[in-house]
Amino acid sequence: MLFNSFEFLIFFPVVTLVYFLLPHRFRWMHLLAASCVFYCAFIPVYILILFLTIIIDYFAGIAIESSHGKKRKRYLVISIISNIGILAVFKYYNFFIENINELLGSGIKDYHLPMLKIILPIGLSFHTFQAMSYTIEVYRGNFKAERHFGIYALYVMFYPQLVAGPIERPQNVLHQFREKHNFNPVLFQAGLRLMLWGLFKKVVIADRLAIYVDGVFDSPEQLGSLNYILATVFFSVQIYCDFSGYSDIAIGSARTMGFDLMTNFNRPYFSTNIREFWSRWHISLSTWFRDYLYIPLGGNRVSKSRLYYNTVIVFMLSGFWHGAKWTFVVWGGLHAIYSVIHMATKSYFEKMKKRFGWYRLAAVFTTFALVSFAWIFFRANNLHSAGHVISGWFSGGQGFTRVLGPNEIMIMTFIAIMVAFMFFVESRTTPSLTELNTKFNVDLLLSTTVLILIICFGVFNRNSFIYFQF
């Protein structure tokens, strides 16, 4: 079920209302059933895969906590292999087979390994990582195994963050399902406002920009260089509004019921370097890789060469986590290169920061340009298409070839104003927007304005969120 769909417009208020009407002891069952309905709106049969991983990890957590010595590690390995194995089959099997067939095809005529005709279960990468964080935390002794099967299942399946995060840790979420949440008008208002803000970013900005971006990236004909540059910049804004918009709606919908999910974005395009960018972008994923991969590899407590190696490994795997395509591997590789260069030159730029007043503005612009360049590979359908866009930057060609008509160009101009409005609002608020203003009149004015903009300029053609494909 999409957050920007009519079905969710009915689903959300019904689920929230029933949640507060039910006695506390029945609420977990209600949320679990609602989450199953939410997930089954995509491909119903795939919920069986989710149930399988839930059963495996539930019993693995109990076995890990009850065991000693090597048995603990054995149960952890079983859990991780089960999760990664399911993810590998659905997400990476065809990728590897396709590449193996290309290699074999060059030497063995008419020989190829069979491909699987399967569709990737929506959000599989997200709830796989969330499930893995549970068993890892139990293994480390940071969290006691959950004995209540229904509560654990709800931890994995909680509908607001089931499909695209935030990727939660058991310490933050599991205890909240046991707590009684009375209706809190302040939290309810804050949650609705955050949901409205996320919907604004999705349907007014992201989906409107997607019209232009798709027209350029999916167009086979030669366009002008300005088209490719604009499409690159527009996609940077589109993916931020799309993904952070989803996170806002997810966090907001949970907040209306009294649940607190972690912040997933913190104004990433105001970052002055790549490291800062990744501390602000998709925070739940970047901290997952930091805690469960980067630090176990040695983190910063290693030699400089090993530090660079660890960084490259983390970013390459992060790229591959996003998708089974070489474009995502290149995208991760670019961020690895950016990060290594940043670490190698950090002291030099620290001196510049102290000497030049214009440094911050230049650093923000440079970071945004580097990130935007890498986004080309994230958005492109394949490496050839990415190369076509990059070469188009410098081709000169036809200058500006109109992809949209005059009316659409006017709308795009308006969207540019909306983007400026969005960045202005977010630059003056906390990441969660819950402290926007304590004055009711100001909050009401902003919320009313955003609602009018959504109604007048929103794109309501059921566009999926970009990160749903992961």
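Criteria and cut-off values
- Residues numbered from 1 in each chain as written.
- Predicted model: local features only at pLDDT ≥ 70, side-chain atom pairs only at ≥ 80, totals over all residues.
- Heavy atoms only, no water.
- Helix = DSSP H or I, 4+ residues; strand = E, 2+ residues; numbered from the N terminus.
- Rg over C-alpha atoms; globule rule 2.2 N^0.38 Å.
- Buried < 20%, exposed > 50% of the residue type's maximum accessible area, 1.4 Å probe, protein only.
- Contact = heavy atoms within 4.5 Å.
- Areas by Shrake-Rupley, 256 points an atom, 1.4 Å probe, with all protein chains shown as cover.
- Lys, Arg positive; Asp, Glu negative; His and termini not counted.
- Charge placed at Lys NZ, Arg CZ, Asp CG, Glu CD.
- Expected span 1.5 Å × (residues − 1).
- Phe/Tyr/Trp six-rings, centres within 6.5 Å; stacked < 30°, edge-to-face > 60°.
- Lys NZ or Arg CZ within 6 Å of the ring centre and 35° of its normal.
- Polar contact = N/O pair within 3.5 Å; in protein donor to acceptor, adjacent residues only side chain to side chain.
- Bend = angle between axes of the 7 residues up to and from the residue.
- Core = buried A, V, L, I, M, F, W, Y, C linked by side-chain atoms within 4.5 Å.
- Salt bridge = Lys/Arg side-chain N within 4 Å of Asp/Glu carboxyl O.

Undergrad: Any chance you could explain the overall build of the protein here in plain terms?
TA: For the protein, the helix and strand inventory stands at 17 helices and zero strands. Against the globule reference of 23 Å for 470 residues, the protein gives a C-alpha radius of gyration of 23 Å, in line with a compact fold. Once the C-alpha set of the protein is aligned to its principal axes, its extents read approximately 70 × 65 × 55 Å. Going through the 470 residues of the protein one by one, you find that 53% of them count as buried. In the protein, of all internal contacts separated by at least 6 residues, the share reaching a separation of at least 24 is 77%. Working note: accessible area of the protein is about 21,900 Å², and carbon and sulfur atoms make up 67% of it. Here the protein holds 40 positive side-chain charges and 24 negative ones, and the gap between their average locations is 9 Å.

Undergrad: Which parts of the structure should I look at to understand helix α14 (residues 359-379)?
TA: Here α14 contains 21 residues, and its C-alpha end-to-end distance of 30 Å stays within 8% of the 30 Å for a straight helix at 1.5 Å per residue. For α14, the complete set of buried residues consists of Tyr359, Ala363, Val364, Thr367, Val371, Ser372, Ala374, Trp375, Ile376, Phe377, Phe378 and Arg379. Where the residues of α14 are buried, they touch α8 (185-217), α9 (225-256), α10 (274-280), α12 (304-322), α13 (326-355) and α15 (383-394).

Undergrad: Just checking my understanding: could you explain the packing of aromatic side chains for this structure?
TA: Within a pair of aromatic rings, the relevant descriptors are the distance that separates the centres and the angle that separates the planes. Enumeration according to the criterion identifies 68 aromatic pairs in this entry. Both rings, one in Phe126 and one in Trp321, keep their centres 5.1 Å apart while their planes meet at 80°; by these two values the pair is edge-to-face. Taken together, the residues Phe126 in helix α5 (residues 124-140) and Trp321 in helix α12 connect sequence positions 195 residues apart. Assigned by exposure class, Phe126 and Trp321 land together as buried. Ring geometry for Phe158 and Phe177: centres 5.2 Å apart, planes at 75°, overall edge-to-face. In this pair, Phe158 sits in the loop between α6 (149-157) and α7 (170-173) while Phe177 sits in the loop between α7 and α8, placing the two residues 19 residues apart along the sequence. Of the two residues examined, Phe158 and Phe177, each falls in the buried class. It is Arg27 that lies over the ring of Tyr19; its NZ or CZ is 4.6 Å from the centre. Residue placement shows Lys91 over the ring face of Trp321; its charged tip is 5.3 Å from the ring centre.

Undergrad: Please clarify how the side chain of Asn83 should be interpreted in this entry.
TA: With respect to the helices and strands, Asn83 occurs in helix α4 (residues 70-105). For Asn83, the side chain forms a polar contact with the main-chain oxygen of Ser79, separated by 2.7 Å.

Undergrad: Any chance you could explain α8 here in plain terms?
TA: One turn of an α-helix holds 3.6 residues; hence residues three or four places apart share an orientation. A rise of 1.5 Å per residue sets the reference length of α8, with its 33 residues, at 48 Å; its end C-alpha atoms lie 45 Å apart and thus fit the reference within 8%. When the local axis directions of α8 are compared, the greatest deviation, roughly 30°, occurs at Ile211. The buried count for α8 comes to 24 of 33 residues, which makes it a mostly enclosed element. Where α8 begins, the side chain of Asn184 points an oxygen toward the backbone nitrogen of Val186, at a separation of 2.9 Å.

Undergrad: Sorry if this is basic, but what is going on with the nonpolar core here?
TA: It is characteristic of soluble globular proteins that their nonpolar side chains tend to be buried jointly. Residues Phe8, Phe200, Ile205, Trp281, Trp375 and Tyr467 are the most contacted members of the largest nonpolar core, which totals 126 residues. Take this core: its biggest share by element is 15 residues, from α8. Contact partners of Phe200, with chain neighbours within four places excluded, come to Ile205, Met418, Phe421, Met422, Val450, Leu453 and Ile454. In this structure, Leu124, Phe320, Ala324 and Val329 belong to the second largest nonpolar core, which totals seven residues.

Undergrad: Can you help me understand the pattern of salt bridges in this one?
TA: Where side chains of opposite charge bring their charged atoms close, a pairing between them can arise. Here the structure, examined in full by the defined rule, presents 11 salt bridges. Taking the shortest distance from any N to any O, the salt bridge between Lys201 and Asp248 comes out at 2.8 Å. Linking Lys201 in helix α8 with Asp248 in helix α9, this pair joins segments that are 47 residues apart in sequence. We note that Lys201, like Asp248, is buried. Note that Asp214 is salt-bridged to Arg379, the shortest N-O span being 2.9 Å. You can see Asp214 sitting in helix α8 and its partner Arg379 sitting in helix α14, a full 165 residues away along the chain. What makes Asp214 partly exposed here is its relative accessible area of 33%. Shared partners join several salt bridges into a network, and the residues in it are Arg169, Arg290 and Asp291.

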